[in-house]
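Fold and geometry: a report
Spelled out, the chains give:
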Amino acid sequence: MNIMDFNVKKLAADAGTFLSRAVQFTEEKLGQAEKTELDAHLENLLSKAECTKIWTEKIMKQTEVLLQPNPNARIEEFVYEKLDRKAPSRINNPELLGQYMIDAGTEFGPGTAYGNALIKCGETQKRIGTADRELIQTSALNFLTPLRNFIEGDYKTIAKERKLLQNKRLDLDAAKTRLKKAKAAETRNSQLNSARLEGDNIMSEQELRITQSEFDRQAEITRLLLEGISSTHAHHLRCLNDFVEAQMTYYAQCYQYMLDLQKQLGSFPSNYLSNNNQTSVTPVPSVLPNAIGSSAMPSTSGLVITSPSNLSDLKECSGSRKARVLYDYDAANSTELSLLADEVITVFSVVGMDSDWLMGERGNQKGKVPITYLELLN
């Protein structure tokens, strides 16, 4: 027998098997044939695997959206990944904003209050951009990659074995149907004592034993694979913890960066915050120092614009002094004095006044001024 004859016979056998399965499947759907039901444990395992696959895909895709909101950038990264090439480095939004602020501050003049503040804000935004980049890299490695490996690896194997189990079940039910028909025909023709029908019966019984054995073996293989879903859940739980830790580090870094920036720029007075629907400044959580490594802390060296101690000393004594205004300030009400950056005013303390305020005087104008906007002159 040549290879051509063998291929033709194999093709014919495969076609016959496919047709038999198709007929069995159609008759089951129409209620014209019995269907072998899987045991309850196996059905539960199959349901658990399908549920795991669906939710893993949803969580993975939404995490990608969270880490990279730009759909075009996600498509580009996907294409590079499929081409097994590294995507080009791209400046992110905080880094771009930071660079704009630094460039603007440089042009306005680092020696001016606004220019200096822009530069400080820009440096902080760039630090946030770096932290954002680190969050994406860490999350992709420790969280997204394991989820993707399950979808593209373990679950594909499960789906393949599940399909084989379905085919073995259809073969088994088709064999049962053929044996049932053979027995019915034998009963109808028993009076003829037909040896041919008896032979068909024996062949059908042998076919049933073989298909039953193959089905049982495939069911066991599928069951063993599906029982690994519990281990998958345990692994994904560890990956989820890594993702949460990465987010915690990122948000703690951002909070610390902004806290340091606020100290550099000076705190806004309480009544200004209330005019912007902010009643208080959130205190620093005690857990933050433990959540951020010392290497992640930003440097706080450089210009720090805070309330000078000699202004506080002025609160404790009588008399007036000259002070330079650091920033523009718009009075919130008639009891306050509006200020312009770099102007010089006279300040003095009033008994009973809030510790964050002094009384300011410019010509015949007088009103409360915030300490943090002033620099006492010698």
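Scroll up to find the structure.
Being a predicted model, the structure only gives us computed values, none of them experimental. (Residues numbered from 1 in each chain as written. Predicted model: local features only at pLDDT ≥ 70, side-chain atom pairs only at ≥ 80, totals over all residues. Heavy atoms only, no water.)

Next up on the list: the overall build of the protein. For the protein, the count of helices and strands is 10 helices and 5 strands. The buried share among the 378 residues of the protein stands at 34%. For the protein, contacts bridging at least 24 residues in sequence account for 70% of all contacts bridging at least 6. As displayed, the protein offers around 23600 Å² of accessible surface, 55% of which is attributable to carbon and sulfur atoms. (Helix = DSSP H or I, 4+ residues; strand = E, 2+ residues; numbered from the N terminus. Buried < 20%, exposed > 50% of the residue type's maximum accessible area, 1.4 Å probe, protein only. Contact = heavy atoms within 4.5 Å. Areas by Shrake-Rupley, 256 points an atom, 1.4 Å probe, with all protein chains shown as cover.)

On to the side chain of Glu343, then. Relative to the elements of secondary structure, Glu343 occurs in the loop between strand E1 (320-325) and strand E2 (344-348). In this structure the side chain of Glu343 is engaged in a polar contact, spanning 2.7 Å, whose partner is the backbone nitrogen of Leu340. Here the side chain of Glu343 touches Arg362 through a polar contact of 2.8 Å, side chain to side chain. (Polar contact = N/O pair within 3.5 Å; in protein donor to acceptor, adjacent residues only side chain to side chain.)

This next bit is on helix H2 (residues 40-67). Here H2 is 28 residues long and its end C-alpha atoms lie 40 Å apart, about the 40 Å a rise of 1.5 Å per residue gives. Along H2, the positions that sit buried rather than exposed are Leu42, Leu45, Leu46, Ala49, Thr52, Thr56, Met60, Thr63 and Leu67. (Expected span 1.5 Å × (residues − 1).)

Now for unusual backbone geometry. With a phi angle near 80 degrees, Asp342 is a residue other than glycine that sits in the positive phi range. In this structure, Asp342 sits in the loop between E1 and E2. The exposure class of Asp342 is partly exposed, given its relative accessible area of 48%.

With antiparallel pairing, 5 strands are arranged side by side in an open sheet as E4-E3-E2-E1-E5. Every interior strand has two partners, whereas the edge strands, strand E4 (365-370) and strand E5 (374-376), have only one. Sheet twist, expressed as the average angle between the axes of neighbouring strands with direction ignored, equals 45 degrees. Strand direction decides the pairing type here: E1 and E2, joined by 5 bridges, are antiparallel. Bridge pairing in E2 places Arg324 opposite Val344. (Pairing = 2+ DSSP bridges. Axes fitted to C-alpha atoms, helices over the stretch in contact; angles between N-to-C directions.)

Put simply, side chains in a regular strand alternate between the two faces of the sheet. Across the 5 residues that make up E2, a large majority, 4, are buried. Taken together, the 3 bridges between E2 and strand E3 (residues 357-362) define a ladder with antiparallel strand orientation. Looking at the pairing, Val347 lines up with Gly360 of E3.

At their nearest, the axes of H2 and helix H7 (residues 229-265) sit 12 Å apart, and the two run at 15 degrees to each other. With respect to H7, the axis of H2 lies roughly parallel. The crossing of H2 and H7 is left-handed. In this structure, H2 contributes Lys48, Ala49, Thr52, Thr56, Thr63 and Leu66 to the contact, and H7 contributes Ile229, Ser230, His233, His236, Phe243 and Gln247. Looking at the contact of H2 with H7 residue by residue, the classes come out as 4 nonpolar, 7 polar and 1 charged. (Parallel < 35°, antiparallel > 145°, perpendicular 65-115°, else oblique. Left-handed = near helix turned anticlockwise from the far one by under 90°. Nonpolar A, V, L, I, M, F, W, Y, C, P; charged D, E, K, R; others polar.)

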